[in-house]
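Remarks on the overall topology
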Amino acid sequence: MASCTRDLSLYRELAPGNAVLMHENKRYVRTETFRAIFEHDPESVLRTLANGFVDGFSLPHEKSPTCFDAIRLVYPNADIISAIMRAIYSNSAIWCEYESLSSGTTKRELVPHAIVNSGHRWHVRAYDRKGKEFRDFVCTRFKRVELIEAEPHNYELAEADSVWNTVCELQLVPHPRLSHSKAIEMDYGMTKGMLHLEVRSALAIYLLRQWNVDCTEDATLTGDEYQLYLKNKNSLVDLIDYKSIYKSR
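Conventions used here
Throughout this description, residue numbers start from 1 for each chain and increase along the sequence as written. In view of the model being predicted, local features appear only for residues whose pLDDT reaches at least 70, and side-chain atom pairs are presented and counted only at 80 or more, with totals across whole chains, interfaces and linings using the full set of residues. Hydrogens and water molecules were not included; the side-chain quantities draw on all heavy atoms of the structure. Strands here mean DSSP runs of E at least two residues long; helices mean DSSP runs of H or I at least four residues long; both are numbered from the N terminus. Each residue is placed in one exposure class: buried if its accessible area under a 1.4 Å probe, protein chains only, is under 20% of its type's maximum, exposed if it is over 50%, and partly exposed if it falls in between. Here, two residues are considered to be in contact whenever any of their heavy atoms come within 4.5 Å of each other. Reported accessibility uses the Shrake-Rupley method at a 1.4 Å probe radius. Residues are deemed covered only where the shown protein chains occlude them. For this document, the term salt bridge refers to a Lys or Arg side-chain nitrogen within 4 Å of an Asp or Glu carboxyl oxygen. DSSP bridges decide pairing: two strands pair if at least two such bridges lie between them. In summary, the pairing rule links any two rings of Phe, Tyr or Trp, Trp by its six-membered ring, whose centres are within 6.5 Å, and it sorts them by plane angle into stacked for under 30 degrees, edge-to-face for over 60 and tilted for everything else. Here, nonpolar core means buried Ala, Val, Leu, Ile, Met, Phe, Trp, Tyr and Cys residues that are tied together by side-chain atoms lying within 4.5 Å of each other.

Next up on the list: the overall build of the protein. Helix and strand counts for the protein come out as seven helices and 11 strands. Along the first, second and third principal axes, the C-alpha set of the protein runs to 65 × 50 × 35 Å. Burial analysis of the protein (249 residues in total) assigns 37% to the buried set. Counting only contacts in the protein whose residues sit at least 6 apart along the sequence, the fraction spanning at least 24 positions is 56%. When the accessible surface of the protein is summed, it comes to about 16,400 Å², and 52% of that surface belongs to carbon and sulfur atoms.

Have a look at this one:
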């Protein structure tokens, strides 16, 4: 506690107009004139929040000359991410301008409750007051975000998101068309030729799409990219929209 107090005092010296102490709850709150004085990579911050952190947070580090991560093409905007995260942690709604593939620029009111990495990009899980349903929104498509002071309704909160709160089991096996499946079993650490995964129903579609899982009735997909097959497809028809997996590829 003493260390936190010193750090906050030092931060107020470095950026006197960025935060103000609310005496009624003894919390520091960012002001409307806030200007960041430290640079953080949004991708690193989101991964750190997702994995947890102890002694460091988005600290600069020397990259390995021999170990490389996948090349990324999509990067979230720091100001947009920070605004959405503030809304989530303060249990607030947001007003935003959002660029949609189907509708172009739209103005919406959303109640976000989670930010999710789909494997390729970051999404916001939120209640959409325009569509009156919980949906996913791509982080990089937000053009403007403002917090709404009014408290959201109970049916707009995470507890009411039934698809998010429902956990389903995926049974993944090597694709039946493969002549030698042992390599796939080793790749995914399968036990007795099967990989059991428990995931939120709202996220299952992203996992199946990212790993090119064949979800057809009789494993009819023939491309080399299809090395996995969803064995328990029929037991998940009420939880997963299989058509959207291939529609969005």
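Following the structure, the description resumes.
Located in the positive-phi region is lysine 26, a residue other than glycine, with phi close to 55°. Within the element layout of this structure, lysine 26 appears in the loop between β1 (19-22) and β2 (27-30).

As a further point, take the pattern of salt bridges. Considering all chains together, one arrives at nine salt bridges under this definition. The salt bridge involving arginine 125 is made with aspartate 161; its shortest N-O contact spans 2.8 Å. One end of the pair, arginine 125, is in strand β5 (residues 122-128); the other, aspartate 161, is in the loop between β7 (142-148) and α4 (162-165), with 36 residues separating them in the sequence. Residues arginine 125 and aspartate 161 agree in their burial class; the two are buried. Taken together, the shared-partner salt bridges connect Arg108, Asp128 and Arg135 into one network.

Moving on to the sheet that holds strand β10 (residues 213-214). Sheets are built from strands paired through backbone hydrogen bonds, the pairs being either parallel or antiparallel. Pairing is mixed in the open sheet, where four strands are placed in the order β9-β8-β11-β10. The open sheet is flanked by β9 (195-200) and β10, the only strands paired with a single partner. Two elements, strand β8 (residues 167-174) and strand β11 (residues 228-230), share three bridges in a ladder whose sense is antiparallel. Residue valine 173 lies in a different strand from β11, and its bridge partner there is tyrosine 229.

So, on to the packing of aromatic side chains. Counted according to the given criterion, the structure contains six aromatic pairs. In textbook terms, an aromatic cluster arises when at least three aromatic residues are bridged by ring pairs, as seen for Tyr98, Phe137 and Phe142.

With respect to the helices and strands, the residue alanine 50 is situated in helix α2 (residues 42-51). Taking C-alpha positions, alanine 50 is 26 Å from glutamate 99, a pair spaced 49 residues apart along the chain.

Here we take up the nonpolar core. Across soluble globular proteins, nonpolar side chains have a tendency to be buried as a group. Formed by 21 residues in total, the largest nonpolar core has its most connected members in Ile84, Ile115, Phe142 and Val145. Where this core is concerned, the elements lending two or more residues are α3 (78-89), β3 (93-100), β4 (104-117), β5, β6 (133-138) and β7. Ranked by residues supplied to this core, first place goes to α3 with seven residues. Look past the residues within four positions of isoleucine 84 in its chain and what remains in contact with it is Pro112, Ile115, Val124, Phe142 and Val145. One finds Leu170, Leu172, Ile184 and Leu195 within the second-largest nonpolar core, a separate group that totals 17 residues.

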